[in-house]
Amino acid sequence: MADQYTFQDPVKQYPKPDDSWKQEQPGAGLEGRMHPTPDAGEKTYRGTGRLEGRKAVVTGADSGIGRAVAIAFAREGADVVLSYLPEEEDDAKQVVQLVSQAGRKAVACPGDLKDEEYCERLIRTAVDELGGLDLLANVAGKQQNQESIADITTGQFDETYRTNVYSMFWLCKAAAAVMPPGSAIINTTSIQAYEPSPILVDYASTKAAINGFTKGLAGQLAPKGIRVNAIAPGPIWTPLQQAGGQPEEALSSFGTQTPLGRPGQPVELAPAYVFLASAESSYVIGETLAVTGGMPTP
Ligand code: NAD
Ligand code: MG
């Protein structure tokens, strides 16, 4: 099986979308119901011991990018606390199994990140169950497209900000209090921070906020030996896009606007998270690493 080190043409590495990719899902969506199935590294990510003995929390760990990050962290040698919504148990069970198969500890901790108490509990779970925390990957996110600002309710605006921005604040705050020097925090922003879609006003603005928060906190925590960075994905094939992230008709051309001409797969994000998590990026701080298939970022 080809892994991430196999020499190949990135244009042809993964499929381009067609009409059969159009699909809608309620709620947060499930990876298990997607067609085609995304590649989150289940059969394609090979670890090389880059995170041996590390203790991680990954949010959104059931599906998409978070799933790829949890699998990669485990195969690189980290124990992982997995955060996801209770309704995503089916997806999460598979990730728990994959982390265990990698020989690492998997601790499932479902809950709602819009709740500050749950965010604090997530960090406490790592301390209690893994014996500490030195790696936090904030990957969870909410994205709901709306044609008009008139259709963005205060409820949606609030949920988008609580999920994407407030939870990051609560988790970073709780994590910074317990992390030893050498630790890493990785937030997840987006190409949308720089090129906001007219139909993603609330979402895109949370991603710009995440960039600013990341750079400010990076300067604050660097003297304590905690590195804070962010990843900016381009269009990636995940449940988020089917669960209201995009209008259904847009999925047949999803990702074709990139120079590679195709959407990214979640596993293609994993090496970037591993790099920022690992001590090999010791001098990389306050950076937003773009993984966009060639869409330019500032
Ligand atoms: P995804 O749907 O697989 O992952 C998002 C996860 O967020 C869900 O699995 C869910 O577990 C979690 N989540 C949402 N609301 C939550 C809540 N209230 N409480 C707890 N967990 C909650 O989709 P994904 O695309 O892998 O998204 C991961 C991150 O990548 C998000 O931050 C998203 O904004 C970002 N991103 C995605 C794309 C893309 O094209 N897919 C592009 C840029 C950025
Ligand atoms: Mg999910």
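Overview of the structure. Counting restarts for each chain, with residues numbered from 1 along the sequence as it is written. Both sets of labels track the order of writing: A upward for chains, 1 upward for ligands. Predicted model: local features are reported for residues with pLDDT of at least 70 only, side-chain atom pairs are reported and counted for 80 or more only, and whole-chain, interface and lining totals are derived from all residues. Values reported for side chains reflect all heavy atoms of the structure, with hydrogen atoms and water molecules removed beforehand.

1. Some details on unusual backbone geometry
Right, so step 1: Cis geometry marks the peptide bond from H35 to P36, where omega comes out at -10°.
Right, so step 2: A run of DSSP states H or I qualifies as a helix once it reaches four residues; a run of E qualifies as a strand once it reaches two. Both are numbered from the N-terminal end. For P36, the location among the structural elements is in the segment before strand 1 (55–58).

2. Some words on the packing of aromatic side chains
How two aromatic rings sit relative to each other is given by the distance of their centres and the angle of their planes.
Right, so step 1: Any Phe, Tyr or Trp ring, taking Trp's six-membered ring, that has another such ring centre within 6.5 Å forms a pair; planes under 30 degrees apart are called stacked, those over 60 apart edge-to-face, and the others tilted. A complete count under the given rule lists 4 aromatic pairs for this structure.
Right, so step 2: Arranged with centres 4.8 Å apart and planes meeting at 25°, the rings of F157 and Y161 form a pair that is stacked. Of this pair, F157 and Y161 both sit in helix 4 (residues 154–176), 4 residues apart, roughly one helical turn.
Right, so step 3: Ring plane angle 50° and centroid distance 6.2 Å describe the contact between W237 and F254, whose orientation is recorded as tilted. Placement of the pair is W237 in the loop between strand 6 (227–233) and helix 6 (239–245) and F254 in the loop between helix 6 and helix 7 (270–277), with a sequence separation of 17 residues.

3. What to know about the layout of surface pockets
Right, so step 1: Grid points spaced at 1 Å and placed over the protein atoms alone form the basis of the search, with a cavity being a set where a 1.4 Å probe fits but cannot get out and a pocket an open set showing protein on both sides within 12 Å along at least five of seven lines. Lining residues have an atom within 4 Å of a point. Grid points are joined across faces, edges and corners, and a volume is the space filled by probe spheres set on the points. Approximately 430 Å³ is the volume attributed to the second largest pocket.
Right, so step 2: Together, 23 residues line the second largest pocket, and Q13, Y14, R262, V267 and E268 are the ones closest to its centre.

4. Quick look at helix 1 (residues 64–75)
Right, so step 1: Its 12 residues give helix 1 an end-to-end C-alpha distance of 17 Å, which sits within 8% of 16 Å, the value for a rise of 1.5 Å per residue.
Right, so step 2: Note on classification: 1.4 Å probe, protein chains only; a residue is buried when its accessible area is under 20% of the maximum for its type, exposed when over 50%, partly exposed between these limits. In terms of burial, helix 1 is a largely internal element, 11 of the 12 residues being buried.
Right, so step 3: G77 occupies a position one or two residues after helix 1 and carries a positive phi of about 110°. To estimate the expected span of a helix, count its residues, drop one, and scale the result by 1.5 Å.

5. Considering the site of ligand 1
Right, so step 1: We call a residue near a molecule or strand whenever a single non-hydrogen atom of that residue lies within 4 Å of it. Lining the immediate environment of ligand 1, one finds 30 residues, of which S63, E88, Y203, T238 and Q241 sit closest.
Right, so step 2: L113 is positioned such that a nitrogen or oxygen atom in its backbone is 2.8 Å from a nitrogen atom of ligand 1.
Right, so step 3: Between A140 and ligand 1, the recorded distance is 3.3 Å, taken from a backbone N or O atom to an oxygen atom.
Right, so step 4: Using a 1.4 Å probe, accessible areas were evaluated by the Shrake-Rupley method; residue-level cover was limited to the displayed protein chains. Expressed as a share of its isolated accessible area of 800 Å², the protein-covered part of ligand 1 is 97%.
Right, so step 5: Looking at the shell around ligand 1, the elements with two or more residues in it are helix 1, helix 5 (201–221) and helix 6.
Right, so step 6: The element contributing the most residues to the shell around ligand 1 is helix 6, with 3 residues.
Right, so step 7: Put simply, Ala, Val, Leu, Ile, Met, Phe, Trp, Tyr, Cys and Pro go in the nonpolar bin, Asp, Glu, Lys and Arg in the charged bin, and everything else, Gly too, in the polar bin. Of the residues that constitute the shell around ligand 1, the class distribution is 13 nonpolar, 12 polar and 5 charged. Polar contact is defined as a pair of N or O atoms within 3.5 Å, subject to the rule that within protein one atom must be able to donate a hydrogen and the other to accept it, and that residues adjacent in sequence are counted only when both atoms are side-chain atoms.

6. A closer look at the sheet that holds strand 5 (residues 184–188)
Right, so step 1: Pairing between strands is defined by DSSP: at least two bridges between them are needed. Reading across from one edge, 3-2-1-4-5-6-7 is the order of the 7 strands in this open sheet, with parallel pairing throughout. The open sheet terminates on both sides in strands that have one partner only, identified here as strand 3 (106–108) and strand 7 (288–291). Ignoring which end each strand starts from, the neighbouring axes of this sheet average 15° apart.
Right, so step 2: Bridge analysis of strand 6 against strand 7 gives 4 bridges, and the strand direction is parallel. Across the sheet, the residue bridging to A232 is A290, located in strand 7.
Right, so step 3: Against the sheet, helix 2 (residues 89–101) engages strand 2 (79–82) and strand 3, with an angle of about 160° to strand 3. Fitted lines through C-alpha atoms give the axes, limited to the stretch in contact for helices. The angle between two N-to-C directions lies from 0 to 180 degrees. It only takes one pair of heavy atoms within 4.5 Å for two residues to be counted as in contact.

7. Things to note about the pattern of salt bridges
Right, so step 1: By definition, a salt bridge exists where a carboxyl oxygen of Asp or Glu is found within 4 Å of a side-chain nitrogen of Lys or Arg. Inspection of the entire model under this criterion finds 14 salt bridges.
Right, so step 2: Here E117 and R121 are joined by a salt bridge, their closest N and O atoms 3.9 Å apart. Taken as a pair, E117 and R121 lie in helix 3 (residues 116–130) at a separation of 4 residues, close to a single helical turn.
Right, so step 3: Among the ionic pairs, E268 bridges to R262, the shortest N-O distance being 2.9 Å.

8. A closer look at empty space enclosed by the protein
Right, so step 1: Counting across every chain of the model gives 1 cavity of 30 Å³ or more.
Right, so step 2: For the largest cavity, the calculated volume is near 70 Å³.
Right, so step 3: Among the elements of the structure, helix 4, strand 5 and helix 5 are those that each provide at least two residues to the lining of the largest cavity.
Right, so step 4: A total of 4 residues in the lining of the largest cavity trace back to one element, the largest contributor, which is helix 4.
Right, so step 5: Of the residues assigned to the lining of the largest cavity, the class counts are 5 nonpolar, 7 polar and 1 charged.

9. Side note on the side chain of D3
Right, so step 1: The residue D3 is located in the segment before strand 1 in this model.
Right, so step 2: Here D3 falls in the buried class, since its relative accessible area comes to 16%.
Right, so step 3: One polar contact links D3 to R46, side chain to side chain, over a distance of 2.6 Å.
Right, so step 4: Leave out the neighbours within four places in its chain, and D3 touches Q8, T44 and R46.

Any functional reading would require information beyond the geometric quantities listed.
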